[in-house]
Amino acid sequence: MSFKKLLKEKGYKRIKLNITKTNHLEVVAKINNIEGNFILDTGASSTCVGMEAIEHFQLLAEDSDIKAAGAGATNMLTQIAQKNKIEIKGWKKKKVDLVLFDLRHVNEALLNHEAEKVHGIIGADILRKGKAIIDYKNKSLYLK
């Protein structure tokens, strides 16, 4: 039995991933039924959306005490948007909290390498909830 069939039998959804010119794994996801581009980041503890995408996803931003760090930037101010719905190719979760912070440095780096800008980052919180399995060879993400 193939790996793909085995996971399908176990109730996993297969999601095709794109590999960007920067070698990141990219996925299309919907937040509150609105589509966006996201980088998959197993090293990010939380799923994040860029401040510039708050209106795009119709998020309710609240101030947060959490300071974000990553991709060469530290101590960044964040906000939080609570109780959102996320869908990745048929896999759905409700009541998802999103960390909101300035993603301009990430998007500048992507643009410098002729890669597409992203709306956010799918982090370990979502990957854990979905019991994620990443198949690099076949550019697939499996979520249960």
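Residues numbered from 1 in each chain as written. Predicted model: local features only at pLDDT ≥ 70, side-chain atom pairs only at ≥ 80, totals over all residues. Heavy atoms only, no water.

Asks: Can you break down the overall build of the protein chain residue by residue, with the values?
Replies: A count of helical and extended segments in the protein chain gives 3 helices and 11 strands. Traced from its N-terminal end to its C-terminal end, the protein chain shows the element sequence α-β-β-β-β-β-β-β-β-α-β-α-β-β. Against the compact-globule benchmark of 15 Å for 144 residues, the protein chain has a radius of gyration of 15 Å, which places it among compact chains. For the protein chain, the spread of C-alpha atoms along the three principal axes comes to 50 × 35 × 25 Å. Burial statistics for the protein chain: of 144 residues in total, 43% are counted as buried. At a minimum sequence separation of 6, the contacts of the protein chain that also span at least 24 residues come to 59%. Taken as a whole, the protein chain presents about 8,600 Å² of accessible surface, with 48% of it coming from carbon and sulfur. (Helix = DSSP H or I, 4+ residues; strand = E, 2+ residues; numbered from the N terminus. Rg over C-alpha atoms; globule rule 2.2 N^0.38 Å. Buried < 20%, exposed > 50% of the residue type's maximum accessible area, 1.4 Å probe, protein only. Contact = heavy atoms within 4.5 Å. Areas by Shrake-Rupley, 256 points an atom, 1.4 Å probe, with all protein chains shown as cover.)

Asks: So what's going on with helix α2 (residues 104–112)? Residues and values would help.
Replies: If you check which residues of α2 are buried, you get Val-106, Asn-107 and Leu-110. Looking straight down α2, one finds that the buried residues subtend no more than 90° of arc, so they occupy a single side. Exposed and facing more than 90 degrees away from the buried side of α2 are Arg-104 and Asn-112. Along its buried surface, α2 packs onto β4 (34–40). A positive backbone phi angle near 60° is found at Glu-114, which sits one or two residues after α2. (Arc of directions from axis to C-beta.)

Asks: A description of the sheet that holds strand β10 (residues 133–135) should follow, citing residues and the corresponding values.
Replies: With antiparallel pairing, 3 strands are arranged side by side in an open sheet as β1-β11-β10. Looking along the sheet, the strands with just one partner apiece sit at the ends: β1 (13–16) and β10. Taking each pair of neighbouring strands and ignoring which way they run, the sheet shows an average axis angle of 25°. When β10 meets strand β11 (residues 140–143), the two strands line up antiparallel, connected through 3 bridges. Paired with Asp-135 across the strands is Ser-140, a residue of β11. (Pairing = 2+ DSSP bridges. Axes fitted to C-alpha atoms, helices over the stretch in contact; angles between N-to-C directions.)

Asks: Can you break down the pattern of salt bridges residue by residue, with the values?
Replies: Inspection of the entire model under this criterion finds 2 salt bridges. Between Lys-21 and Glu-114 there is a salt bridge; the shortest N-O distance is 3.9 Å. A residue pair is termed long-range when its members are at least 10 positions apart, and Lys-21 in the loop between β2 (18–19) and β3 (25–31) and Glu-114 in the loop between α2 and β9 (120–122) qualify at 93 residues. No difference in accessibility class separates Lys-21 from Glu-114, as the two residues are exposed. The partner of Asp-102 in a salt bridge is Arg-104, with the nearest N and O atoms 2.6 Å apart. Given a relative accessible area of 26%, Asp-102 falls into the partly exposed group. (Salt bridge = Lys/Arg side-chain N within 4 Å of Asp/Glu carboxyl O.)

Asks: Could you give an account of the environment of Ala-109, naming the residues involved and the relevant values?
Replies: Following the sequence through the fold, Ala-109 ends up in helix α2. Spatially, the C-alpha atoms of Ala-109 and Thr-22 are 8.8 Å apart, while their sequence positions differ by 87 residues.

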